[in-house]
There are 2 protein chains.
Amino acid sequence: MNRVYNFSAGPSMLPLPVLEQAQKELVCYGDTGMSVMEMSHRSKAFDDIIKQAEADIRDLMNIPDNYKVLFLQGGGNTQFAMVPLNLYKKGKADYVQTGQWAKKAAQEAKKWGDVHIVASSEDKVYSYIPKLDKSMFDPEADYFHITYNNTIYGTRYTKIPDTGNVPLVGDLSSCIMSEVIDVTKFGLIYAGAQKNIGPAGVTVVIIREDLLGNAKPECPTMLDYKIHADKDSLFNTPPCYAIYVAGLVFKWLKQMGGVAEMQKVNEEKAGILYDFLDNSSLFKGTVVPEDRSLMNVPFVTGDDDLNAKFIKEATAAGLVNLKGHRTVGGMRASIYNAMPVEGVKTLVEFMKKFETENK
Amino acid sequence: MNRVYNFSAGPSMLPLPVLEQAQKELVCYGDTGMSVMEMSHRSKAFDDIIKQAEADIRDLMNIPDNYKVLFLQGGGNTQFAMVPLNLYKKGKADYVQTGQWAKKAAQEAKKWGDVHIVASSEDKVYSYIPKLDKSMFDPEADYFHITYNNTIYGTRYTKIPDTGNVPLVGDLSSCIMSEVIDVTKFGLIYAGAQKNIGPAGVTVVIIREDLLGNAKPECPTMLDYKIHADKDSLFNTPPCYAIYVAGLVFKWLKQMGGVAEMQKVNEEKAGILYDFLDNSSLFKGTVVPEDRSLMNVPFVTGDDDLNAKFIKEATAAGLVNLKGHRTVGGMRASIYNAMPVEGVKTLVEFMKKFETENK
């Protein structure tokens, strides 16, 4: 077995113990005589799996009882529609535009209401988080939407905006459970699984109960949060296997000491990489220091040919998926929870060597 | 390893060689150094997987070039909304009501237009397929919707209705690739994977190209077929692992000789079970003989206590998930492609023994 260090932005690395456990019980799960993939979603065995997954994520994120946890399908893109279809009352919302995903979310919301872009960092290729001030917010908005960690650009909020009585909606796809977050500051949190939770195909939604039950009449049944909340995510056949693997990831996170411990490891990993970038004569980060993501670290050499050479040689050395998004160029190392410290150290050693060889 | 015979209506049994293959390469796929669950959906390795899956399903179902094959999320319930949101032009559609799922599909379509129930078999607990006659159809309808195989009630169409110029839409969730179907008779076919295709979490849509591009303005982007067709199912992160397992099932089907060969096996399996039911003094089928499903076989003893006893003893004997749907009662054996002939023979032997013991 020749595992690589996979710096993919998503789908991305999973913890090896999780994969090994999934492998072990793939054909027969416990004493059921079948694979989790073959189980009825109404069976006792699967009910135990989904209930345990929910209990564990509640525990890991300290989710209060007045929030529902849903396991849905369709990823962030589906949430871009579900949020306005369920939360619009007056039909107006505030969005902060901190990248391509934030922009797409806002564009989708325009289909059913008025979207106000509170602030944008598009002027500098989204390399910073705009300073937010309560005077910029509409106190009459139905909700306020932020993209907490911006996968493509490598920025993150370090402070949750205080939106008063306006429910805060956060896309946490690329940072959920990577650092301690106060769930009570949000009305709704959503996250596609394929970065910090599990395989692609399941989306976690954490929604305050008072936000349920207001879906627009034209909202497709499957896009109504209340439909899923009332049936504990079993209104229809859920993506059972993806939920099962997510559940294994939650168990692994608990074994690792939970989110606070994970945050320390993530700060260590990001620290190693940013320290190197800040002192390198060849590589440099693209994000203002105060808004740097713990999860996605874009960097460049300033020379496209050298970037290409670096990516090629890194791949050959088992450090894969380091190519940056086309809108930023250069490189990006995504170092989610499942990336071990050793992976980041190996990357930095490789970068040092490359720097020496290419001065 | 103590595998059971799993008669679940869905999610349901998968071919053992598929599970074993998935198990073998779960931690490391080929020479990629990672699990399929960890692969970027933009990677060469995953591109090969999804392209091969598409090529194989095209081959297996003999899908013409003017049809797109899409791998989506959200199951049949999401299709209930996508069909009207994409196919309504005048805003009227014909539906045949052959069960609970057909009814739900029609109800969802009412959100955006006028639905005409052409015929219904609700009067006899959906135990037959209504006789259809062209004079019953609206030649001005935007489409005509049928549920080709009715999972709960165990009925199936044996003839595809001729709807003239009105596009025929078929929910083939519980029979896709179990028998040879002429795709050209349909404008659109959809199927949740969790019965005959693979694990829950991926939905196959086969759509004639002229039906693309007419989504209503309020249609969420993720529910617009054209968005997905234009990007070959990679508009967003697809449910990669479920697509990979579906691809393994397609390869297995080809090894088994394709859909025509599978149909022979399915006819043999259903024949064994229906023959027994027709001659049993204890058990009887609930569906009129001419509309019997090859996939889902409901049966009863006429005594609830005896039904319960049968299910309990069958479970203990490794014949599981035989409980019928609450609206029909009794038992149901779902015998999809992955159920071997041996499984059906074992079930019938068990039923014979139970009959003798409980006369």
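As the structure is a computational prediction, the values presented were derived from the model and not from experiment.

Rules used throughout
Residues numbered from 1 in each chain as written. Chains lettered and ligands numbered in written order. Predicted model: local features only at pLDDT ≥ 70, side-chain atom pairs only at ≥ 80, totals over all residues. Heavy atoms only, no water. Axes fitted to C-alpha atoms, helices over the stretch in contact; angles between N-to-C directions. Helix = DSSP H or I, 4+ residues; strand = E, 2+ residues; numbered from the N terminus. Parallel < 35°, antiparallel > 145°, perpendicular 65-115°, else oblique. Left-handed = near helix turned anticlockwise from the far one by under 90°. Contact = heavy atoms within 4.5 Å. Pairing = 2+ DSSP bridges. Least-squares fit on C-alpha atoms with pLDDT ≥ 70 in both. Polar contact = N/O pair within 3.5 Å; in protein donor to acceptor, adjacent residues only side chain to side chain. Expected span 1.5 Å × (residues − 1). Buried < 20%, exposed > 50% of the residue type's maximum accessible area, 1.4 Å probe, protein only. Buried area = accessible area lost by both parts, 1.4 Å probe. Salt bridge = Lys/Arg side-chain N within 4 Å of Asp/Glu carboxyl O. Nonpolar A, V, L, I, M, F, W, Y, C, P; charged D, E, K, R; others polar. Domains from an automatic or database assignment.

**Examining the packing of helix H2 (residues 44–61) of chain A against helix H6 (residues 240–255) of chain A**
Residue and element names in this part refer to chain A.
Then comes step 1: Where H2 contacts H6, the axes come no closer than 9 Å and their chain directions differ by 40°. Classified by the angle between their axes, H2 and H6 sit oblique to one another. Crossing angle aside, the handedness with which H2 passes H6 is left-handed. In this structure, H2 uses Phe46, Ile49, Ile50, Gln52, Ala53, Asp56, Ile57, Asp59 and Leu60 to contact H6, whose residues at the interface are Cys240, Ile243, Tyr244, Gly247, Phe250, Lys251, Leu253 and Lys254.

**Focus on the sheet that holds strand S14 (residues 331–334) of chain B**
Residue and element names in this part refer to chain B.
Then comes step 1: Taken together, the three strands give an open sheet; going across it, the order is S11-S12-S14, and neighbouring strands pair in antiparallel fashion. Strands at the two margins of the open sheet, each flanked by one partner only, are strand S11 (284–285) and S14.
Then comes step 2: Judged from the four bridges that link them, strand S12 (residues 296–300) and S14 form a sheet pairing that is antiparallel. Residue pairing across strands places Pro298 opposite Arg332, the latter belonging to S14.
Then comes step 3: Each of S11, S12 and S14 touches helix H7 (residues 259–279); the most contacted strand, S12, lies at about 20° to it.

**Examining unusual backbone geometry**
All names here are of chain A.
Then comes step 1: In the segment running from Gly10 into Pro11, the intervening peptide bond is cis, with an omega of -10°.
Then comes step 2: Not every positive phi belongs to a glycine, and Val125 is a case in point at roughly 45°.
Then comes step 3: Among the structural elements, Val125 can be located in the loop between strand S4 (114–120) and strand S5 (143–147).

**Overview of the relation of the copies chain A and chain B**
Then comes step 1: Expressed as a screw operation, the relation of chain A to chain B combines 0.0 Å of axial shift with a rotation of 180°, fitting to an RMSD of 0.0 Å. This pairing of chains is accounted for by a two-fold axis. Nearest to the rotation axis, the C-alpha of Gln23 of chain A is located 2.6 Å from it, this being the minimum over chain A.
Then comes step 2: A symmetric contact is evident, with 100% of the interface residues of chain A recurring at the interface of chain B.

**A few points about the side chain of His325 of chain B**
Residue and element names in this part refer to chain B.
Then comes step 1: Take His325: it is sitting in the loop between strand S13 (319–320) and S14.
Then comes step 2: A polar contact of 2.9 Å, which involves the side chain of His325, links it to the side chain of Thr327.
Then comes step 3: When near neighbours in sequence (up to four residues on either side) are disregarded, His325 contacts Gln100, Ile152 and Arg332.

**Description of H2 of chain A**
Residues spaced three or four apart along an α-helix point in a common direction, a consequence of the helix completing one turn every 3.6 residues.
Residues and elements named next belong to chain A.
Then comes step 1: Here H2 spans 26 Å end to end across 18 residues, near enough to the 26 Å set by a 1.5 Å rise per residue.
Then comes step 2: By the burial criterion, the buried members of H2 are Ala45, Phe46, Ile49, Ile50, Ala53, Asp56, Ile57, Arg58, Leu60 and Met61.
Then comes step 3: Summarising the contacts, the buried residues of H2 are in contact with strand S2 (67–72), strand S10 (203–208), H6 and helix H7 (259–279).
Then comes step 4: Positive phi appears at Asn62, one or two residues downstream of H2, with a value of about 55°.

**Some details on the interface of chain A and chain B**
Then comes step 1: Every contact between the two is made by 60 residues of chain A and, on the other side, 60 residues of chain B.
Then comes step 2: Buried surface at the junction of chain A and chain B, both sides included, amounts to about 4,400 Å², of which 60% is carbon and sulfur.
Then comes step 3: When the buried surface of chain A facing chain B is broken down by residue, Val27, Met37 and Glu38 of chain A rank first, second and third, together holding 15% of it.
Then comes step 4: Counting every contact that joins chain A to chain B gives two salt bridges.

**Remarks on the packing of H7 of chain B against helix H9 (residues 341–357) of chain B**
All names here are of chain B.
Then comes step 1: Packing of H7 against H9 brings their axes to within 9 Å, and their N-to-C directions diverge by 5°. As summarised for this structure, H7 and H9 are arranged roughly parallel, according to the angle between their axes. The residues of H9 that touch H7, namely those facing Val265, Glu268, Lys269, Ile272, Leu273, Phe276 and Leu277, are Val341, Val344, Lys345, Leu347, Val348, Met351, Lys352 and Glu355.
Then comes step 2: Considered class by class, the residues forming the contact of H7 with H9 number ten nonpolar, no polar and five charged.

**Describing the environment of Phe350 of chain B**
Then comes step 1: Summarising the element assignment, Phe350 of chain B is placed in helix H9.
Then comes step 2: The buried category is assigned to Phe350 of chain B, whose relative accessible area is 12%.

**Some details on the domain arrangement of chain A**
All names here are of chain A.
Then comes step 1: Along its sequence, chain A is organised into domain 1 (16–255) and domain 2 (258–357).
Then comes step 2: On a C-alpha basis, the centres of domain 1 and domain 2 stand 27 Å from each other.
Then comes step 3: On the side of domain 2, 25 residues touch domain 1, which itself brings 28 residues to the contact.
Then comes step 4: Buried surface at the junction of domain 1 and domain 2, both sides included, amounts to about 2,200 Å², of which 53% is carbon and sulfur.
Then comes step 5: Considering only the side of domain 1, the residues that lose the most area to domain 2 are Ile152, Arg156 and Ser178, jointly responsible for 22% of the buried surface there.
Then comes step 6: There are zero salt bridges connecting domain 1 and domain 2.
Then comes step 7: Linking domain 1 with domain 2 are 14 residue pairs in polar contact (both at pLDDT 80 or more).
Then comes step 8: Those elements that provide at least two residues to the side of domain 1 that touches domain 2 are strand S6 (149–150), strand S7 (155–156) and H6.
Then comes step 9: Take the side of domain 1 that touches domain 2: its biggest share by element is three residues, from H6.

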